[in-house]
Amino acid sequence: MSIVDLRHGSAEEVLSWTYKRFRRVALVASFQAESMVLIDMACGVVEEPEVLTLDTGRLHEETHDFIDRVRMRYPIRLRILSPDAGELDAMTGEHGTMQFRRSVALRNECCAVRKVNPLARALLDYDAWITGLRREQTPTRAETPVVAGDPGHGGITKVVPLARWSRAQVWDYLRAHRIDHHPLYDHGYTSIGCAPCTRATEPGQSERAGRWWWEGDSDKECLLHPPLDADGQASLRGVRVSVPLGGARSTLRP
Ligand code: SF4
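Reading the values: rules and limits
Residues numbered from 1 in each chain as written. Predicted model: local features only at pLDDT ≥ 70, side-chain atom pairs only at ≥ 80, totals over all residues. Heavy atoms only, no water. Helix = DSSP H or I, 4+ residues; strand = E, 2+ residues; numbered from the N terminus. Expected span 1.5 Å × (residues − 1). Buried < 20%, exposed > 50% of the residue type's maximum accessible area, 1.4 Å probe, protein only. Arc of directions from axis to C-beta. Contact = heavy atoms within 4.5 Å. Right-handed = clockwise from strand over helix to strand, strands pointing away. Pairing = 2+ DSSP bridges. Near = heavy atom within 4 Å. Nonpolar A, V, L, I, M, F, W, Y, C, P; charged D, E, K, R; others polar. pLDDT = per-residue confidence, 0-100.

Is there a simple way to explain helix α4 (residues 61–73) in this structure?
Owing to its 3.6 residues per turn, the α-helix brings residues three or four apart onto one side. Compared with the 18 Å implied by 1.5 Å per residue over 13 residues, the 19 Å span of α4 between its first and last C-alpha is a close match. Inspection of α4 places Thr63, Phe66, Ile67 and Val70 among the buried residues, and these make up the whole buried set. All buried residues of α4 project into a common sector of 105° when viewed along the axis, lining one side. Looking at α4, the residues exposed on the side facing more than 90 degrees away from the buried face are Glu61 and Met72. Those residues of α4 hidden inside the fold are in contact with α3 (33–45), β2 (50–54) and β3 (77–81).

This is the structure:
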C-alpha cells in the first residue's frame, strides 16, 4: 500500500503497513480509549508489539492500576518512560511541584520535563511511532496526517491510524471487541492525563475541556504533538527540549 493509499486505508491496514515497513516501531500509549483500540489491533498484526508509555510521576492511581490490567491481558512489551531525575530536581527546586497552575509557560515547562523530553529521548531508538490522535479532538489536530515524517523527532515516521475516526467509532470498537476501558471514563472524564491537570467534563463541553481547565481557551496541547510552522518544522513555543532534535535515521525493512 502506498502512502497515498494509506490516507484512505483502514486503521488495521495502516498498522499492518507500518509494522511491515519499519523494523523499530513504538506504539505510544496513554491507555485512554484510543490506545486500547491500537493495542488490540497491533497485537493482531505482530507478536508482542512494543508499547511506550509516559510515567510523568503525576498520573492517577487508576491509570497505574489500568496499565497493570492491560499488560496482563495483552502480550505487549511495555516500556515505561520516566523524567530525567536531574531535570526534575532542577525544575521542582526552582518552581515547586504545582508550577503548572501559575502560567502556560510554566505548565509547558512541566510537560517538557515530564513528557516531551522523555519521549524525545526514547524515540531516538525507533524508526516510526504510532499514536492515537484523532482529528476531531481539537482544532490543532484537524489536519493531522495519517502518515508523515515527524520533524519534531528527527524525521522518523509518525503514524496516526485513528486520525479519521470519531469518538463514537472508538467506543463502538471497544464494545464490539469487549475491550476494557480506563475506569475514569465512568466518572465523567472524556480525556485523561496527569491527575492535577485533568478533571471530568460537563455534557456539551469539548472532549479535552477537562485538561488544564484553569487555562480556559488554551489549545489543550502539551507539545508531544507540536503544531508545525509555515516551514513544516515543529514549533515548540520556546519550550526547552533537552534532546537534540534531528538526526534520527529511519531503518526500513528490505
Ligand atoms: Fe505537568 Fe500537568 Fe503537564 Fe502532567 S499534564 S506534565 S503535571 S503540567
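Continuing now.
Please clarify how the pairing of β2 should be interpreted in this entry.
On a regular strand, one side chain projects to one face of the sheet and the next to the other, so that they alternate. Burial analysis of β2 places 5 of its 5 residues in the buried class, the great majority of the element. Residues Glu50, Leu52 and Leu54 line one face of β2 and the alternating positions Val51 and Thr53 line the opposite face, and both faces are buried. With respect to chirality, the unit in which strand β1 (residues 25–28) leads through α3 into the neighbouring parallel β2 is right-handed. One ladder, built from 5 bridges, connects β2 with β3; its direction is parallel. From the neighbouring strand, Val51 faces β3, where its bridge partner is Leu78.

Teacher, can you tell me more about the site of the ligand here?
Taken together, Arg58, Phe100, Arg107, Cys110, Cys111, Arg114, Lys115, Cys194, Cys197 and Trp212 make up the full set of residues adjacent to the ligand. Looking at the shell around the ligand residue by residue, the class counts come to 6 nonpolar, no polar and 4 charged.

Help me out: how do you make sense of the confidence of the model for the protein in this one?
In low-pLDDT segments, the atomic positions of the prediction should not be examined closely. Looking at the protein, the pLDDT average stands at 89 and 87% of residues meet or exceed 70. Across residues 244–250, confidence stays below pLDDT 50; counting only partners more than four residues off in sequence or on other chains, it has 13 contacts.

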